[in-house]
Amino acid sequence: MKFSDGLWLNQRGFDVSYAVQAYDVTTTKNSIKIFATSSAIWNRAMTLGGVAFEITYTAVAPDMIRVHICHHKGSLQNKPQFELNLPEGYVPDDIHEEDGFVSMTAGHTTLKIKKGTDGWDVSFSRDGKRLTGGGWRSTSYIQENKFHRDARLAVQTDDDFFNYPQDAHNTFMREQLTLDVGECVYGFGEKFTTFVKNGQNVENWNSDGGTCSEQSYKCIPFYITSNKYGVLVNTADKVSFEVASDTINKVSFTVPGEELDYFFIGGENLQEVLVNYTNLTGKPALPPAKTFGLWLSTSFTTTYDEETVTSFIDGMAERDIPLQMFHFDCFWMKEYEWTNFEWDLDQFPDPPAMLKRLASRGLGLCCWINPYISQKSKLFDIGMEKGYFIKNPDGSVFQTDLWQPGMAIVDFTNPEAAKWFAAGVRKLCEMGVTAIKTDFGERIPTKAVYYNGADPIHMHNYYTYLYNKTVFEVLEEYYGKGQACLFARSATVGGQKFPVHWGGDCSAEYTSMAETLRGGLSLCSSGFGFFSHDIGGFEATASPDVYKRWCAFGLMSTHSRLHGSTSYRVPWNFDEESCDVLRFFTKLKGKLMPYLFAQAVKTHATGIPMMRPMVMDYTDDIACRYLDQHFLKEIGVEDLARTFHMSKSSLNKFFQKQLNTTCHQYILKKRLALAVSLIRQDVPLKTVAVQSGFGDYSSFFRAFKKMYHISPTECQADNEKLKKIKH
């Protein structure tokens, strides 16, 4: 939201009060509490009334400071809260007062606040270098006048149920943090606009808007900058960011209401900032190794049955294109009945037998679901009777005809409703489904009532967290940690714990490919470790050149899925060269799997994304700050890339010195370690040979037996022998 009218004025209809003086300062063992006034106080008479701020700065962890700004603290406490890992008992390195200032140091990050009547000044610095802060006209309380509010509400009268509602609240809290010369801002979740967000208005409100607009499926109120710090605004409400737009040298963030809570997160570099951020909000789970291979889908509105599915899988095998995952999109269920967790028996007469046949070919299997229950679904009456759906304010079930006729939406704040929905997912697991595509979760009503009384406006963004968490936990419980995988579209803060996420509805053209990449780079700048998209584009059908270029992009992404809307994405539908291109990049990714999976483990442990923008590794290179058509994908030993042009002897000398082994032995051990992991997952041995980078089974068999003095077939048959293998 823009409130300024140039340098001196504010827009008509708003009265803005600013923090001007740190009137009273108190400290605790881990915090600084400020009572800030909106004018300089020179005498007692000036203390009679007026806007004041209670601001608490708390050292949460090294390089992490929480800022809570409050005007009136009597608001209802019914808002959903992000699940944050807040350490207990952390004490900062130093808190002290000096003439005119109070400061606090946590790790390498120092907060400094000016005291007295000389004006408002707050700064965050690292090892003495100022990073950002607030000064004149920064921390603000904003009141909207009645005429402006009524006009705004009138304009919103015919808005859709999922838009930001006619919220009668007319107060806002705003913080403004300065930007340095040349400082670039990134993140905010999956944003398809220009990668560098300077000059943009970013609205944190999950929407189903495709990849061609400023709307986003995955809004994360978190940004990082080239000055090597990050800011998380800690609310599920709509946060409005003005990034060097309302005020050119500042990032402004505004929330409705009377309180604002945010975290300043520092680090030595942008990778460390994300490590600290994911320490707070959660690390990405480790997806199963199989999911890094090629996925093929039925596509969306195409006609398909078991015969079609089998023909696609046979076609890939005949063309020697390794396939690891097969996805059944919406119409595995009968039309008009989504979601009911029941197969369309007209198209798939014996689902368990079919799934068993496909699994015997080494395929992981994925099914589409959404959190909506059509009125025609057999589940609707059950959910309505038991109170499992989101309700209207009058107590009736919220329903809409948008997407599915008469559909209701599962209320995951009701523990029994969550268990009921989870039981449907578990039934699929028992049939042999190994992954779930959790589609939708963005168009959530805002004039609604939840089982736990949660604020429906805040629940709009937060809903996706409960939805994806419910499904992910079923998979993790059934298959074990490291074996659960979603293909999720919507997300909020913490959603990175439930991978994988894909980029939504893109079009089959080069510009949309670029949009998708920008969305992925922004998402991976926001704490998400893994990213995928629809190879070849979702809407329409790509020309062969677009399809082939997208295959390369897709297979070099962390997860790679062929999926479309109205047409199939098998390569022979484009041209024969498409088969060659897809085969080449699929096998290349297979050869790199030992390195890729090692990096996936690193991402899981640290939160540093596998796929990331160039600026994250080369922040001080000014040219890299603006690159949005490139990305880095780590493939193993960080120094390996530097050795590609060495002679074989030089390469081995390097490995001998650094790792006390030869390059060949290092790679072999990585491949065999991955092979053992796959065998433990009951992956067929021929598939293990491909996924672990050996290619043919005989080479894999010989290497395995030489290393472990036992054959892979013996290991597969005897779990006790497999357990004895150590790396």
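Our subject is the structure that appears above.
Residues numbered from 1 in each chain as written. Predicted model: local features only at pLDDT ≥ 70, side-chain atom pairs only at ≥ 80, totals over all residues. Heavy atoms only, no water.

Caption draft 1: Fine view of the sheet that holds strand β12 (residues 129-134). Taken together, the 5 strands give an open sheet; going across it, the order is β8-β9-β10-β11-β12, and neighbouring strands pair in antiparallel fashion. Single-partner strands in this sheet number two, and they are β8 (94-98) and β12. Neighbouring strand axes in the sheet, compared pairwise and without regard to direction, differ in orientation by 20° on average. Pairing analysis gives 6 bridges linking strand β9 (residues 101-106) to strand β10 (residues 109-114), with the strands arranged antiparallel. Its bridge partner being in β10, Val 102 is matched across the sheet by Ile 113. (Pairing = 2+ DSSP bridges. Helix = DSSP H or I, 4+ residues; strand = E, 2+ residues; numbered from the N terminus. Axes fitted to C-alpha atoms, helices over the stretch in contact; angles between N-to-C directions.)

Caption draft 2: Representation of helix α4 (residues 351-360) in the model. Regarding α4, the residues found buried are Pro 351, Met 354, Leu 355 and Leu 358. The buried residues of α4 occupy an angular sector of 95° when the element is viewed end-on, so they sit on one face. Opposite its buried face, α4 presents the exposed residues Lys 356 and Ser 360, each directed more than 90 degrees away. Looking at the buried residues of α4, the elements they touch are α3 (306-318), β23 (325-328), β24 (364-369) and α6 (415-431). At the C-terminal side of α4, Gly 362 shows a positive phi close to 85°. (Buried < 20%, exposed > 50% of the residue type's maximum accessible area, 1.4 Å probe, protein only. Arc of directions from axis to C-beta. Contact = heavy atoms within 4.5 Å.)

Caption draft 3: The packing of aromatic side chains, seen in detail. All chains considered together, the criterion is met by 55 aromatic pairs. Between the aromatic rings of Tyr 478 and Tyr 479, the centroid separation amounts to 4.8 Å while the plane-to-plane angle is 75°, which identifies the pairing as edge-to-face. Ring-pair connections join several aromatic residues into one group, and the members of that group are Phe 300, Phe 331, Trp 338, Trp 368, Tyr 372, Trp 403, Phe 440 and Phe 538. The ring centre of Phe 440 lies 4.4 Å from the NZ or CZ of Arg 489, which sits over that ring. (Phe/Tyr/Trp six-rings, centres within 6.5 Å; stacked < 30°, edge-to-face > 60°. Lys NZ or Arg CZ within 6 Å of the ring centre and 35° of its normal.)

Caption draft 4: Local environment of the side chain of Thr 178. Looking at the element boundaries, Thr 178 is found in strand β14 (residues 171-178). Dropping the residues within four chain positions of it, Thr 178 is found in contact with Arg 130, Thr 132, Gly 133, Glu 183, Tyr 229, Asn 249 and Lys 250.

Caption draft 5: Quick peek at the pattern of salt bridges. Tallying each qualifying case throughout the model produces 37 salt bridges. The residue Glu 272 makes a salt bridge to Arg 126 at a minimum N-O spacing of 4.0 Å. Residue Glu 272 is found in helix α2 (residues 270-281), and its partner Arg 126 is found in strand β11 (residues 122-126); the two are separated by 146 residues along the sequence. According to the relative accessible area criterion, Glu 272 is partly exposed, its value standing at 26%. Note on Arg 126: relative accessible area 14%, which makes it buried. Residue Lys 228 is joined to Asp 620 by a salt bridge in which the shortest nitrogen-to-oxygen separation is 3.1 Å. Of this pair, Lys 228 sits in the loop between β17 (219-225) and β18 (229-233) while Asp 620 sits in the loop between α11 (614-617) and β31 (632-633), and the two are 392 residues apart along the sequence. A single network of salt bridges, built from pairs that share partners, joins Asp 208, Asp 439, Glu 442, Arg 443, Arg 489 and Asp 505. (Salt bridge = Lys/Arg side-chain N within 4 Å of Asp/Glu carboxyl O.)

Caption draft 6: Layout of the packing of α6 against helix α7 (residues 456-479). Closest axis-to-axis distance for the α6/α7 pair is 9 Å, and the angle between their directions is 45°. As summarised for this structure, α6 and α7 are arranged oblique, according to the angle between their axes. When you trace α6 past α7, the crossing you get is right-handed. Of the residues in α7, those touching α6 at Ala 418, Phe 421, Ala 422, Val 425, Arg 426, Cys 429 and Glu 430 are Tyr 467, Thr 470, Val 471, Val 474, Leu 475, Glu 477, Tyr 478 and Tyr 479. When its residues are assigned to classes, the contact of α6 with α7 shows 11 nonpolar, 1 polar and 3 charged. (Parallel < 35°, antiparallel > 145°, perpendicular 65-115°, else oblique. Left-handed = near helix turned anticlockwise from the far one by under 90°. Nonpolar A, V, L, I, M, F, W, Y, C, P; charged D, E, K, R; others polar.)

Caption draft 7: Inspection of unusual backbone geometry at higher detail. That bond from Trp 338 to Thr 339 is cis: its omega, -5°, falls within 30 degrees of zero. That bond from Pro 499 to Val 500 is cis: its omega, 15°, falls within 30 degrees of zero. On the secondary structure map, Val 500 appears in the loop between α7 and α8 (510-524). Unlike most non-glycine residues, Asp 127 shows phi in positive territory, near 50°.

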